[in-house]
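Single-letter residue listing:
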2 protein chains.
Amino acid sequence: MGNENLVFKKFLLSKGLKLTKPRKIILDTVFATHEHFNVDGLYDQIRKKHKDVSRATIYRTIPLLIESGLIKQSLRCLAKDHYEHIYGHGRHLHLICEKCGKIIEVESKETESILNKLAKKHDFKIREFNIGAKGLCEKCRNK
Amino acid sequence: MGNENLVFKKFLLSKGLKLTKPRKIILDTVFATHEHFNVDGLYDQIRKKHKDVSRATIYRTIPLLIESGLIKQSLRCLAKDHYEHIYGHGRHLHLICEKCGKIIEVESKETESILNKLAKKHDFKIREFNIGAKGLCEKCRNK
DNA sequence: TTGAGAATGAGATTTATTCTCAGAATGAAT
DNA sequence: ATTCATTCTGAGAATAAATCTCATTCTCAA
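Thresholds applied
Residues numbered from 1 in each chain as written. Chains lettered and ligands numbered in written order. Predicted model: local features only at pLDDT ≥ 70, side-chain atom pairs only at ≥ 80, totals over all residues. Heavy atoms only, no water. Phe/Tyr/Trp six-rings, centres within 6.5 Å; stacked < 30°, edge-to-face > 60°. Helix = DSSP H or I, 4+ residues; strand = E, 2+ residues; numbered from the N terminus. Buried < 20%, exposed > 50% of the residue type's maximum accessible area, 1.4 Å probe, protein only. Lys NZ or Arg CZ within 6 Å of the ring centre and 35° of its normal. Pairing = 2+ DSSP bridges. Contact = heavy atoms within 4.5 Å. Axes fitted to C-alpha atoms, helices over the stretch in contact; angles between N-to-C directions. Near = heavy atom within 4 Å. Polar contact = N/O pair within 3.5 Å; in protein donor to acceptor, adjacent residues only side chain to side chain.

Asks: Please clarify how the packing of aromatic side chains should be interpreted in this entry.
Replies: Think of a pair of aromatic rings as described by two things: how far the centres are apart, and how the planes are tilted against each other in angle. If you walk through the whole model with that rule in mind, you get four aromatic pairs over all chains. Seen from their ring centres, F37(B) and Y83(B) are 5.7 Å apart, and the 35° between their planes marks the pair as tilted. Highlighted residues: F37(B) in strand β1 (residues 37–38) and Y83(B) in strand β3 (residues 80–85), separated in sequence by 46 residues. By relative accessible area, F37(B) is classed as buried at 10%. The ring of Y43(A) carries R55(A) above its face, with NZ or CZ at 4.0 Å from the centroid.

This is the structure in structure tokens:
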């Protein structure tokens, strides 16, 4: 892992944009874990090491990470947008527990191929899947 | 169609809540069409006939409609939460065009049964499915 | 008809996200 | 290295959807 850097660099170059320090820090922090993230959590994480990266820049960088294909918008939870990695990760869907907030990730090849078939029938070009369900996890149900 | 009233009435009763005029108006307007809706659109629609229903009451009534099983939260579009009917509607998934905003609804029995199987494997109890994809519709792609 | 509790409208409040702007950083060309 | 046109940045203001407050009004069971 570390090729996110190259991907992002190429993307910026192709757009005439610049690879600045804040953008590097944001990219590295995003890919330092494999977890979902939101702006608040990311900001806290970054601030531990770098006191000079602002929320505004995080908000401005996320669309670039999305456009470069490194991350995608994921679920929305507690009124906050969440994001997840695409680069280096297999496709998956989410089972979200509405009580404890736990997110179970599951392989989703089957559902995607079905969705692809349906899209073809409607002459629709899929850019991004969004497959999941909300409910109760085993722990929250058994008590 | 018209049984939404009964369903909602029973739900309110079971909760010790009251079937007020604003709630009736909101319910009727929501089910006057089969379309997705958001608070703003619903408010405008209601205001054509009833000048005395406030946004606050709409925001307060929607969770009740959800809890009673009549509607569900659907996609989020242009920073607004959208909702859709459950009562009287077959399950479906969405293909959302990111350019023109068009929403294509498609039957989704297959994907749901797969998701159900996966949920079972993880001992997860699904309350609500969320299946869809974003991309470009045929019209927006061919120009 | 009454009364206790629930619901309402209006507007204030909250809060995630976006915008503004003056100054700083970037990188291609020299 | 230096220059310079352009892009970026941080800080805080602005925006806007959704929630909350509160004094008043409505519901409905008795």
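Still more to cover.
Asks: Teacher, can you tell me more about the sheet that holds strand β2 (residues 71–77) of chain B here?
Replies: Backbone-to-backbone hydrogen bonds join strands into a sheet, with any given pair of strands oriented parallel or antiparallel. All names here are of chain B. Judged by pairing direction, the sheet is antiparallel, and its three strands sit side by side in the order β1-β3-β2 without closing on themselves. The open sheet has two edge strands, β1 and β2, and neither has a second partner. Strand direction decides the pairing type here: β2 and β3, joined by five bridges, are antiparallel. Note on β3: the bridge partner recorded for Q73 is Y83. On the sheet, helix α4 (residues 55–67) packs against β1, β2 and β3 and is oriented at approximately 120° with respect to β2.

Asks: Hey, could you run me through the protein's contact with DNA strand C in this one?
Replies: The environment of DNA strand C is made up of 22 residues, and the closest members are K18(A), T20(B), R23(B), D52(B) and T57(B). R60(A) places a side-chain nitrogen or oxygen 3.2 Å from a base oxygen of DNA strand C.

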